Amino acid sequence: MLVRCNTSEEQKLPVLGNPIIVDGKSVYPKISKFSFINQENQTVNSSDFEGKVYVADFIFLSCSTICPLMNIEMLKVYTAFNDDKRVLFLSHTIDPKRDSIYKLNEFAKNLGVSSKKWYFVTGNEDSIYKMAERDYFTIAYPDSTETDGLVHGGGLLLIDKNKNIRGVYNGTESSETERLIADIKLLLKEQF
């Protein structure tokens, strides 16, 4: 008979990315400072996420492939943590030419989400693409051969209060959403 012993250390999520060694310690990549405009035409920057856990993704409103599924799954996570002030949501449009602030605002209103909890942001197209690749290790770029003219990763990315990526989840799968919700709960126990 196997008996599982309780350990004094709680289970922790891994920190993702390739660390560098500084003074004998592993230092993992962090999300860089950023500044975008949200659906309320207000500046949103990295300081708004200080001391918060957040879920980020890259979408665009005219997407006919994975974005509608990603939005449904992200809304499930939002609903699970709607009343928790420690958790925020950040959706970057990869199509700032067509996804105006007005359109982002209407989209957020149609979802029924708070602009103080879930930020739909726009900004310089190249900055968004570079940030996707450099900071979130995902893809976002134009491609005229694709159905909607753009390519992007379908991940929901879990970021801890120290700006480290702690998980990547398939934004089109309900089972992955359940895993993300469980991992957020685990991360909140770890960090707060």
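Residues numbered from 1 in each chain as written. Predicted model: local features only at pLDDT ≥ 70, side-chain atom pairs only at ≥ 80, totals over all residues. Heavy atoms only, no water.

This part is about the sheet that holds strand β10 (residues 155-159). Strand pairing in a sheet takes place through backbone hydrogen bonds and is either antiparallel or parallel in direction. Strand order in the open sheet formed by five strands is β7-β6-β5-β10-β11, with mixed pairing between adjacent strands. Of all the strands in the sheet, just β7 (118-121) and β11 (165-170) have a single pairing partner and so form its edges. Ignoring which end each strand starts from, the neighbouring axes of this sheet average 20° apart. Along the sheet, helix α2 (residues 101-111) contacts β6 (87-93) and β7; its crossing angle with β7, the most-contacted strand, is approximately 150°. (Pairing = 2+ DSSP bridges. Helix = DSSP H or I, 4+ residues; strand = E, 2+ residues; numbered from the N terminus. Axes fitted to C-alpha atoms, helices over the stretch in contact; angles between N-to-C directions. Contact = heavy atoms within 4.5 Å.)

A surface patch of nonpolar side chains, about 230 Å² in accessible area, is lined by I20, V22 and V27. Looking at where I20 falls in the secondary structure, it is placed in strand β1 (residues 20-22). Judged by its relative accessible area of 54%, I20 falls in the exposed class. (Patch = residues over 30% accessible without salt bridge, like charges linked within 9 Å, V, L, I, M, F, W, Y side chains within 5 Å. Areas by Shrake-Rupley, 256 points an atom, 1.4 Å probe, with all protein chains shown as cover. Salt bridge = Lys/Arg side-chain N within 4 Å of Asp/Glu carboxyl O. Buried < 20%, exposed > 50% of the residue type's maximum accessible area, 1.4 Å probe, protein only.)

For the rest of this paragraph, the subject is the side chain of D57. Positionally, D57 belongs in strand β5 (residues 53-59). For the buried D57, which has no salt bridge, the nearest side chain bearing the opposite charge is K76, at an N-O separation of 14 Å. Within polar-contact distance, the side chain of D57 engages the side chain of S91 at 2.6 Å. What D57 contacts, discounting residues up to four positions off in sequence, is M70, M74, L90, S91, H92, G155 and L156. (Lys, Arg positive; Asp, Glu negative; His and termini not counted. Polar contact = N/O pair within 3.5 Å; in protein donor to acceptor, adjacent residues only side chain to side chain.)

Such coordinate-based values are descriptive only and should not be taken to indicate function.
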